[in-house]
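Coordinates in review
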Amino acid sequence: MSIELKQVSYTYMPKTPYEHKALDAVSFTLEEGSFTAIAGHTGSGKSTLVQHLNGLLHPENGQVLVDGTDLAASSKQGRKEAMAARNKVGMVFQYPEQQLFEETIAADIAFGPKNQGIEGKELEERIKESMELMGLAYDEFKDRSPFQLSGGQKRRVAIAGVLALHPKYLVLDEPTAGLDPLGREALIQTICKLHKKWKLTIVFVSHNMEDIARLADSVIIMNHGKMAIKAAPQEAFMQTELLQAAGLQEPAMLHLLHRLREAGIPVNDNAIELETGIKAIREALSDAE
Amino acid sequence: MSFIEFHDLTHCYNLGQKNEHRAIDGLDLSIEKGSFTAILGQNGSGKSTLAKHINGLLLPTSGICLVDGKDTRNLEELWQIRRQVGMVFQNPDNQLIAAVVEDDVAFGPENLGLEPQVIRAKVDEALKAVNMTKYKNFAPHLLSGGQKQRIAIAGALAMDTECLVLDEPTAMLDPQGRAEVLRTVRKLHEERGITIVYITHFMEEAAVADRVVLMDSGRAAADGTPREIFADVPGMKKRGLDVPLAAEVSWQLRRQGIKLPDGIITEDELVEALEAYTCQSN
Amino acid sequence: MLSNITIGQYFPGNSILHRMDPRVKVLLLLLFLLEVFLFSNAVAYGIFSAITLVMMLLSGVPLCMLLRSLKPLWWIILFTFVIHLFSNPGTPIATVWLFTLTWEGIQMGCFISLRLILLILMSSLLTFTTSPLKLTDAMESLLSPFRRFGLPAHELAMMMTIALRFIPTLIEETDKIMKAQQSRGADFTTGNVMKRLRNMVPILVPLFLSAFRRADELAMAMEARCYRGGIGRTQMKSLKTGGIDYLAIGGFVILTAALLGIKLST
Amino acid sequence: MVNTNIIHAPKDLSHQTKWTTQSICLTAVMTALVFLTTFVPRIPIPLGYAHLGDAAIFLLVLLLPKRPAFLAVCLGSALSDLLGGFPLWILPTILIKFVMAWIAWKLNGGAVNLLRTAAAFLLASLWMTVGYTAFGALLYNSLSAGLASAPGLFLEGIVNTAAALLLLPVIKRARQN
Ligand SMILES: Nc1ncnc2c1ncn2[C@@H]1O[C@H](COP(=O)(O)OP(=O)(O)OP(=O)(O)O)[C@@H](O)[C@H]1O
Ligand SMILES: Nc1ncnc2c1ncn2[C@@H]1O[C@H](COP(=O)(O)OP(=O)(O)OP(=O)(O)O)[C@@H](O)[C@H]1O
Ligand SMILES: [Mg+2]
Ligand SMILES: [Mg+2]
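Since the model is a prediction, treat every value here as computed from it, not as a measurement. (Residues numbered from 1 in each chain as written. Chains lettered and ligands numbered in written order. Predicted model: local features only at pLDDT ≥ 70, side-chain atom pairs only at ≥ 80, totals over all residues. Heavy atoms only, no water.)

**What about the sheet that holds strand β1 (residues 2-13) of chain B?**
Residue and element names in this part refer to chain B. On the basis of which strands lie adjacent, the open sheet formed by four strands has the order β2-β1-β4-β5 and antiparallel pairing. In this open sheet, the two edge strands, each paired with only one partner strand, are β2 (21-32) and β5 (70-71). Bridging between β1 and strand β4 (residues 62-67) involves five bridges; their strand directions are antiparallel. Its bridge partner being in β4, Glu5 is matched across the sheet by Leu66. Its contacts with the sheet place helix α1 (residues 47-54) against β1, β2 and β4, and it is angled at close to 125 degrees to β1. (Pairing = 2+ DSSP bridges. Helix = DSSP H or I, 4+ residues; strand = E, 2+ residues; numbered from the N terminus. Contact = heavy atoms within 4.5 Å. Axes fitted to C-alpha atoms, helices over the stretch in contact; angles between N-to-C directions.)

Below, the structure written as structure tokens:
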């Protein structure tokens, strides 16, 4: 089971002076159980792409298949199936805390499941479960107003609201923007847990190469609406020119190791994380001695 | 000579109500003319509150805030202060006022009551300084985040400010936009000697400053050059903050017995130090 | 989709009409509309139609775009025409069921329809050739004499400017909020009226709250840039009245005199 | 939640203009909001589509200080006529919407009683219907042509009343925090 994009293209404001081709023949497959990152410069089409994954936008050309179902199906039967397929894909937008609207946290989280017709005991179960998943104690928080929380907590409520839909695939558009280092790390750990323990298939948009290297098992790099690379982060980050063309920087550690190599220190320059990077430097230093 | 001085500054939100909150708590700090000061701290540590005092957008609950020797509580002098100090805020969308870029840059000088030709000259110059002349007739919503922030900076420059206070100007931007804004700010600092107060969550950005102030629960928890501040890697982590990669790597290497000099915070320095180290050991 | 709509009718250009002082345009338009009501004789309407036609050609705006501004009102113009056909007493021509078609009715119907079309076309010409920002400037300038009676002319103009600046931003935001709620299963396109209204709550509440937040932050940004109301404020671009404007005013005075003459002589 | 910490125009100038920067911005952003709610939503009702501009107007009148509220009502509605391609209607709209807002505000009179609020909104909608019908009749020189649009207008008023009543408590409570 997977999400499959086939030659997807999308144009904003077609046939006007503002016409803009935001996606150009993008094809890839997201396997169930994978952890995929999407990166690219501003305006490269990341958000547009991500909105195709749960049918908020329909491709102008091409197809999006979720577990084999075409999201843009037009027959009556097809539309029903597409609706069910869309529900499998949970979507967390940028700054999701700005979309909170209910008076209590529990009510806000209940919005999604209620739309699916879930009620009573099961609804409560879902709220409780998704709050605890996001590290919000149910009894303490359920009756509080979401507007009284700190920025990081609000974001957790918003994500819990999506998790309560029991998605199979979870898509996050820059989930850590604006948080301080501590809050960022805590959220990343939570996402990791969702992937490992709860077996969610994760897609996330990020500008942070270190996070991508650390978390994702594959990365899609967008460049002016086209998919430039889809590969494992290790491999993708080796293609320095392509990265630069897409307006990205290689991870800081990799950059450092490249610089060291240029300076004549024979480091093994494929480490991205801190520990492995330091190990590589140490090895190079002891070799030199 | 110090340009900004806080003496025992305290600020309480909702004073006297049950949700009273002391955001700044007896802060003493002075910032030199022509310096580049970065302010770091966790969410809610009082950074933005502090920034708003420099421009008299907030007044001290107690204590004094002096800008270029003028007290922000003195209403006659407040307008002088606001002419001298420009502000750039976090959300680029909520600080552009006019529906055309050049009109927005002109907003400040217009408030000062300058002659139309003078305003025109200042606007053109400010747009040039941030490299946005090409976009002067654009509507703000057609610009990217980084471009909007540069317009906000131009808007402050057009008032001939001597000091720029930037409150997380790069929080909503991508890496390119971030680099772009930081480059613009550094250029203004170096070429025009503008005093910079730069609030950020990104340690790499703080590393280019002359001085770093750490805020913690409304107080200055630490204050020094980036070298001094980022040398204390465990201390920074304990505060929930981070250090630039080069600082972290050199700290770890030193801990593992590799003798590198102290105070490495940039990649260039680290590469140089390691080069020297290998030459030495050969 | 929401963000695909274009707002306003302004058609950028550099025609004589575009170059006119917006204040003169607004004033002349108002007077013209008044005269259309005041001078309701055949000769006058002939002249009005001719003037409107000339203006339309001068404006450089494609004819089909101008005519499109009539579209939302087509049926009401038609309806009005038909009603007038049958509801005026006079020389009967034919009888349909209970209604009598009269010669006077046809005249009256044509007359009223023409009046409507002229009114709409002329006022659309203003919005086609003047950007909303220029209109705002014109408004400030025209209203400023009333300041001494307590009318906040400067504040009004400032509000309009900011509102125009924020409309696209709020539209983008609405689009974003809608999509976010849609991906939580909200459905805005089916159901009865009550259900659809209920579905508006998750869009409108965040939209209102963000509007309050924006207003706060914007006020800070303005004060930081030395804003203290309209006092002592100057403007980089000021409106100028030039040769075309005096020509237009002159033309209008002659027109009015001629119309008065016709009216008095009959 | 209005931020009382902002310093407004210095004292010697403040008697000349009663408008603080804060209230100018509030009015402006709300003007944009009234415009947007009038211009964008299309809720199908019998006889056409309803917008939600009047719901926004009702909410502003009850949530904002008086002057920003009424000004935002007038400017926002005028703007939607201007940009929507009905410049002819601007002046009547300002008049009609102002009185409509005033009726809603006056009759509600700070009440917390939902029934009374509903009645106030409905009466205001009735006025709106009468106002537009009258101006239509003047413009088309025929009462029956003016009356043609009355049922649709009043239905729209009902829809907007319902929307405003749904939203009012939620926004009120969210703003208190
Ligand atoms: N609603 C819209 N109408 C018109 N053009 C749009 C719209 N949304 C996006 N675009 C354009 O499409 C392109 C891709 O936009 P998209 O939001 O997908 O980029 P992104 O990669 O997510 O960028 P960012 O990093 O800024 O979020 C951009 O050039 C943008 O200007
Ligand atoms: N208008 C306000 N009313 C009440 N409390 C406020 C207000 N503004 C800020 N605070 C509180 O004051 C404290 C300091 O806020 P401030 O915005 O200065 O933090 P900050 O360091 O800028 O945080 P961040 O990194 O999130 O921007 C926070 O706990 C915040 O909740
Ligand atoms: Mg995006
Ligand atoms: Mg802050």
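**A closer look at the pattern of salt bridges**
As enumerated under the stated definition, the model contains 40 salt bridges over all chains in all. Among the ionic pairs, Asp67 of chain A bridges to Lys88 of chain A, the shortest N-O distance being 2.8 Å. On the criterion of sequence distance, the pair formed by Asp67 of chain A in the loop between β4 (61-66) and β5 (69-70) and Lys88 of chain A in the loop between α2 (76-87) and β6 (89-92) is long-range, its members being 21 residues apart. Taking the shortest distance from any N to any O, the salt bridge between Arg259 of chain A and Asp268 of chain B comes out at 2.8 Å. Remark: Asp268 of chain B occurs in helix α11 (residues 267-281) and Arg259 of chain A occurs in helix α11 (residues 252-262); the pair is interchain, linking two chains. (Salt bridge = Lys/Arg side-chain N within 4 Å of Asp/Glu carboxyl O.)

**Comments concerning the sheet that holds β6 of chain A**
Residue and element names in this part refer to chain A. The mixed open sheet is built from six strands, whose spatial order is β6-β7-β8-β3-β9-β10. Of all the strands in the sheet, the pair left with one neighbour each is β6 and β10 (226-231). This sheet shows a mean twist of 15 degrees between the axes of neighbouring strands, independent of strand direction. Examined bridge by bridge, strand β9 (residues 218-223) and β10 share five bridges and lie antiparallel to one another. Within the sheet, the bridge partner assigned to Met222 lies in β10 and is Met227. On the sheet, helix α1 (residues 46-53) packs against β3 (35-40), β6, β7 (169-173), β8 (201-205) and β9 and is oriented at approximately 145 degrees with respect to β3.

**Observations regarding the site of ligand 2**
Residues and elements named next belong to chain B. Near ligand 2 there are 14 residues, and of these Asn43, Gly44, Lys47, Ser48 and Thr49 occur at the shortest range. Contacts to ligand 2 include Ser48, whose side-chain N or O atom sits 2.6 Å from an oxygen atom. His201 is positioned with one of its side-chain polar atoms (N or O) 3.1 Å from an oxygen atom of ligand 2. For ligand 2, the accessible surface in isolation is 630 Å², of which the surrounding protein chains cover 67%. Mapped onto the shell around ligand 2, the elements with two or more residues apiece are β2 and α1. The element best represented in the shell around ligand 2 is α1, accounting for three residues. Tallied by class, the residues present in the shell around ligand 2 amount to two nonpolar, ten polar and two charged. (Near = heavy atom within 4 Å. Polar contact = N/O pair within 3.5 Å; in protein donor to acceptor, adjacent residues only side chain to side chain. Areas by Shrake-Rupley, 256 points an atom, 1.4 Å probe, with all protein chains shown as cover. Nonpolar A, V, L, I, M, F, W, Y, C, P; charged D, E, K, R; others polar.)

**Comments concerning the pairing of β4 of chain A**
Residue and element names in this part refer to chain A. Note: strand β1 (residues 2-12) against β4, five bridges, orientation antiparallel. Bridge pairing links Ile3 to Val66 in β4. Two strands pair when backbone bridges link them, and β4 and β5 are joined in this way by two bridges, in the antiparallel orientation. Bridge pairing in β5 places Val66 opposite Thr69. If you look at the hairpin formed by β4 and β5, you'll find two residues sitting between the two strands, and Asp67 has a positive phi there, around 50 degrees.

**With respect to the interface of chain D and chain C**
Accessible area lost during the coming together of the parts is what is often quoted as the interface size. Taken together, the 61 residues of chain D in the interface contact 63 residues of chain C. Counting the surface lost from both chain D and chain C, the interface buries some 5800 Å², and carbon and sulfur atoms represent 84% of this. Where chain D meets chain C, there are zero salt bridges. At the junction of chain D and chain C, the tally comes to two residue pairs in polar contact (both at pLDDT 80 or more). At the level of secondary structure, the elements contributing two or more residues to the side of chain D that touches chain C comprise α2 (21-39), β1 (43-45), α3 (53-63), α4 (66-84), α6 (114-140), α7 (143-147) and α8 (150-176) of chain D. At 16 residues, α2 of chain D tops the list of elements feeding residues into the side of chain D that touches chain C. When grouped by side-chain class, the residues that make up the side of chain D that touches chain C number 47 nonpolar, 13 polar and one charged. (Buried area = accessible area lost by both parts, 1.4 Å probe.)

**Some details on helix α3 (residues 101-111) of chain B**
The element α3 of chain B is largely enclosed, with a buried count of ten among its eleven residues. Of the residues making up α3 of chain B, those classed as buried are Val101, Glu102, Asp104, Val105, Ala106, Phe107, Gly108, Pro109, Glu110 and Asn111 of chain B. Check the buried side of α3 of chain B and you find it contacts α4 (116-129) and α5 (145-157) of chain B together with α8 (153-182) and α9 (193-224) of chain C. Gly113 of chain B occupies a position one or two residues after α3 of chain B and carries a positive phi of about 75 degrees. (Buried < 20%, exposed > 50% of the residue type's maximum accessible area, 1.4 Å probe, protein only.)

**Thoughts on the layout of surface pockets**
Each pocket or cavity is described by its volume, and for the second largest pocket that value is around 1400 Å³. Along the walls of the second largest pocket sit 44 residues, with Met139 of chain C together with Ala78, Ile90, Leu91 and Ile94 of chain D positioned nearest its centre. Counting residues per element, the lining of the second largest pocket draws most heavily on α4 of chain D, at nine residues. A breakdown of the residues in the lining of the second largest pocket according to their chemical character gives 40 nonpolar, two polar and two charged. (1 Å grid on protein atoms, 1.4 Å probe; cavity = no way out; pocket = protein on both sides within 12 Å on 5 of 7 lines; lining within 4 Å. Points joined across faces, edges and corners; volume = space filled by probe spheres on them.)

**Digging into the environment of Gly63 of chain B**
All names here are of chain B. In this fold, Gly63 is placed in strand β4. A relative accessible area of 23% places Gly63 in the partly exposed class. Sequence-wise, Gly63 and Glu110 are 47 residues apart; in three dimensions their C-alpha atoms are separated by 33 Å. Gly63 has contacts with His7, Asp8, Leu9 and Arg73, leaving out every residue within four places of it along the chain.

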